[in-house]
Amino acid sequence: MPRSEHSISREDISANALKVLYRLHNSGYQAYLVGGCVRDLLLGEHPKDFDVVTDATPEQIKGLFRNCRLIGRRFRLAHIVFGREIIEVATFRGHHEPQATEDKAGKKTTSHLNQHGQLVRDNVFGSIEEDAERRDFSFNAMYYNIADYSITDFANGQDSLSKREIRIIGDPETRYREDPVRMLRAVRFAAKLGMKIEENTAKRIPELAPLLANIPAARLFEEISKLLLSGSGLKTFHLLDEYKLFGQLFPQLQPFLDNPEGREFKMLEKVLSNTDNRINSGLRITPAFFYAACLWFCVEERQQQHIAEGGLPPFDAFNLAITDVLAIQMQRIMIPKRFTTPIRDIWHLQQRLNRRLGRRAYITLEHPRFRAAYDFLLIRAEIEGGELIELAQWWTEFQSASPSKQKKLQSDVRNSEGFQDRRRPKRRPKKPS
Ligand code: ATP
Ligand code: MG
């Protein structure tokens, strides 16, 4: 497509991306924009970032830019850093041959598949045609050439865009086996772009979904955030569920997915719609809140098990349950420590919110995670109802009440019929040593 036949203007392209493209071009290399940015520009949207591909090797790229860092183990990539904006520059990738091959610089590299047909390495350089074949969906294999401002559409992506459908390049099963994350990406684009997954691309997903178990848990954390915590989480969840992908990612929730009326399912829908609303109103969100909410009933259930089967006291059973539930989840999705600590806090605070008398209430109020824990209590009250409604209302009033009103609220609790302060038994005084 020559410039006259498409709508992408240089004005829509980031100035830094243009600098990178021109520097490569003027140094005698090929330079293209590719992937999400070309797709989004053709859809008339603002791309999140601009990805560049070239025939220059990572070392050659590094030679051209002082602000260049080489990164990546699986893929060697160059990052050109302009303050907060990073332009990612990749060298065209070629096909994976089982034998050793030589790259342009004469270096020996190999790439091959494991027993599931999964690509374990693909750092072989190639031509632009090969690079296009390796991409996931037709609309992600369109290349904008800085030399003449034309677009080369290798897999008929324009057609998919106009039909608003997601079509995988090549044989779906082979491509999903090579990289099972592509199944998640199909769903992500369907929800984010409001498109449908073309029949052939969709058909095999449910039966191949278990291949996700072979993806390193560390890679999935970022993918899950992009799927569920980027503004179309609820829609994405329903699609993941429909394609049998969700249960693979959250095995402890699998038993509840057949019951959309159950509290576990409702909790998922609720926390995701809240998250979507927050994102779309420009408010901050944290993955910790999402994980705390979606695994909450698993913790409660596990606690009951430890009490019934192990005869543990509730507090110990609760602690053990937290550790169990997180450990099982982390086998699939590696939640970084900076989020597991707040998840634990939000859970522990649910217990502390039950204790409303004396100084305890003020200490809970001062906890750095009080706000998140209180927001979560509100959601629980909506889902579970019962006593939680009164408890949530009490905290709503208490946190913004005057000191005298706070005292009154506490004495109301003390005087209420059938009230028991669920405090732990007093410790015996220490013996003098
Ligand atoms: P987004 O707008 O969400 O960033 P994107 O299409 O740009 O969408 P990226 O993850 O940034 O997604 O990937 C950039 C490009 O790299 C994709 O457009 C696609 O061509 C290619 N790509 C990414 N992940 C894969 C994959 N798992 N398999 C094949 N190609 C991929
Ligand atoms: Mg992108």
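Residues numbered from 1 in each chain as written. Chains lettered and ligands numbered in written order. Predicted model: local features only at pLDDT ≥ 70, side-chain atom pairs only at ≥ 80, totals over all residues. Heavy atoms only, no water.

1. Quick notes on the pattern of salt bridges
Next, step 1: This structure, assessed with the given rule, holds 23 salt bridges.
Next, step 2: Between Glu173 and Arg177 there is a salt bridge whose closest N-O contact spans 2.9 Å. Of this pair, Glu173 and Arg177 both sit in helix α6 (residues 172-178), separated by 4 residues, roughly a single helical turn.
Next, step 3: By relative accessible area, which is 28% here, Arg177 ends up partly exposed.
Next, step 4: Overlapping salt bridges bring together Glu173, Arg177, Arg204 and Glu207 as one network. (Salt bridge = Lys/Arg side-chain N within 4 Å of Asp/Glu carboxyl O. Helix = DSSP H or I, 4+ residues; strand = E, 2+ residues; numbered from the N terminus. Buried < 20%, exposed > 50% of the residue type's maximum accessible area, 1.4 Å probe, protein only.)

2. Overview of the layout of surface pockets
Next, step 1: As a volume, the largest pocket reaches approximately 1500 Å³.
Next, step 2: Of all elements in the fold, only α2 (36-42), β2 (51-54), β4 (77-82), β5 (85-91), α4 (128-134), α7 (181-193) and α10 (217-228) reach the threshold of two or more residues within the lining of the largest pocket.
Next, step 3: When grouped by side-chain class, the residues that make up the lining of the largest pocket number 13 nonpolar, 6 polar and 23 charged. (1 Å grid on protein atoms, 1.4 Å probe; cavity = no way out; pocket = protein on both sides within 12 Å on 5 of 7 lines; lining within 4 Å. Points joined across faces, edges and corners; volume = space filled by probe spheres on them. Nonpolar A, V, L, I, M, F, W, Y, C, P; charged D, E, K, R; others polar.)

3. Here's the deal with unusual backbone geometry
Next, step 1: Backbone geometry places Asn156, a non-glycine residue, at a positive phi of 60 degrees.
Next, step 2: With respect to the element layout, Asn156 can be found in the loop between β9 (151-153) and α5 (157-163).
Next, step 3: Of note, the phi angle at Lys244 is positive, near 65 degrees, even though the residue is not glycine.
Next, step 4: Looking at the secondary structure, you find Lys244 in the loop between α11 (233-242) and α12 (246-249).

4. Considering the site of ligand 1
Next, step 1: Around ligand 1 sit 18 residues in total, of which Arg39, Lys48, Asp179, Arg182 and Arg188 are the nearest.
Next, step 2: Taking Gly36, its main chain carries an N or O atom lying 3.2 Å from an oxygen atom of ligand 1.
Next, step 3: Arg182 is positioned with one of its side-chain polar atoms (N or O) 2.8 Å from a nitrogen atom of ligand 1.
Next, step 4: Notes on ligand 1: free accessible area 590 Å², of which the protein chains cover 83%.
Next, step 5: Given that more than half its atoms are within 2 Å of the pocket grid, ligand 1 belongs to the largest pocket.
Next, step 6: For the shell around ligand 1, the element with the highest residue contribution is α7, accounting for 5 residues.
Next, step 7: Split into classes, the residues belonging to the shell around ligand 1 amount to 1 nonpolar, 3 polar and 14 charged. (Near = heavy atom within 4 Å. Polar contact = N/O pair within 3.5 Å; in protein donor to acceptor, adjacent residues only side chain to side chain. Areas by Shrake-Rupley, 256 points an atom, 1.4 Å probe, with all protein chains shown as cover. Sits in = over half its atoms within 2 Å of the grid points.)

5. Some points on the side chain of Asp131
Next, step 1: Counting through the fold element by element, Asp131 comes out in helix α4.
Next, step 2: A relative accessible area of 2% places Asp131 in the buried class.
Next, step 3: Excluding residues within four positions of it along the chain, Asp131 makes contact with Val53, Thr91, Phe92, Arg93 and Tyr143. (Contact = heavy atoms within 4.5 Å.)

6. Points about the sheet that holds β5
Next, step 1: Strand order across the open sheet formed by 7 strands is β3-β4-β5-β2-β1-β8-β9, with mixed pairing between neighbours. Here the strands that pair on one side only, and so sit at the sheet edges, are β3 (68-71) and β9. Taken over all neighbouring pairs, the strand axes of this sheet differ in orientation by 30 degrees on average, direction set aside.
Next, step 2: Bridge count between strand β1 (residues 31-34) and strand β8 (residues 142-145): 3 bridges; the pairing is antiparallel. Pairing of Leu33 across the sheet is with Tyr144, part of β8. (Pairing = 2+ DSSP bridges. Axes fitted to C-alpha atoms, helices over the stretch in contact; angles between N-to-C directions.)

7. Points about the pairing of β5
Next, step 1: Both β2 and β5 contribute to a ladder of 4 bridges, which runs parallel. Looking at the pairing, Val53 lines up with Ala90 of β5.
Next, step 2: Where β4 lies against β5, 5 bridges are found, and the strand directions are antiparallel. Paired with Ile80 across the strands is Ile87, a residue of β5.
Next, step 3: Here β4 hands over to β5 after 2 residues, with Gly83 in that stretch at a positive phi of 55 degrees.

8. Considering the confidence of the model for the chain
Next, step 1: For the chain, per-residue confidence averages 91 on the pLDDT scale, and residues scoring 70 or more make up 91% of the total.
Next, step 2: For the chain, per-element mean pLDDT is lowest for strand β7 (residues 108-109), which scores 50, and highest for strand β10 (residues 165-166), which scores 98. (pLDDT = per-residue confidence, 0-100.)

9. Points about the packing of α7 against α11
Next, step 1: Running from N to C, α7 and α11 cross one another at 140 degrees; their axes reach a closest spacing of 9 Å. One element, α7, and the other, α11, form an angle in the oblique class. For α7 against α11, the interelement crossing comes out right-handed. The segment α7 lies against α11, with Leu184, Val187, Ala190 and Ala191 engaging Lys235, Thr236, Leu239 and Leu240. (Parallel < 35°, antiparallel > 145°, perpendicular 65-115°, else oblique. Left-handed = near helix turned anticlockwise from the far one by under 90°.)

10. Notes on the side chain of Asp55
Next, step 1: Within the secondary structure, Asp55 is located in the loop between β2 and α3 (58-64).
Next, step 2: Since its relative accessible area comes to 16%, Asp55 is described here as buried.
Next, step 3: At 2.9 Å, the side chain of Asp55 forms a polar contact with the backbone nitrogen of Gln30.

11. Section: the nonpolar core
Next, step 1: Residues Leu33, Leu228, Leu245, Phe250, Phe290 and Trp347 are the most contacted members of the largest nonpolar core, which totals 100 residues.
Next, step 2: If near-sequence neighbours (up to four positions away) are discounted, Leu245 is found in contact with Met183, Leu184, Val187, Ile205, Ala209, Leu212 and Leu240.
Next, step 3: With 19 residues, the next largest nonpolar core counts Ala381, Leu388, Ala392 and Trp395 among its residues. (Core = buried A, V, L, I, M, F, W, Y, C linked by side-chain atoms within 4.5 Å.)

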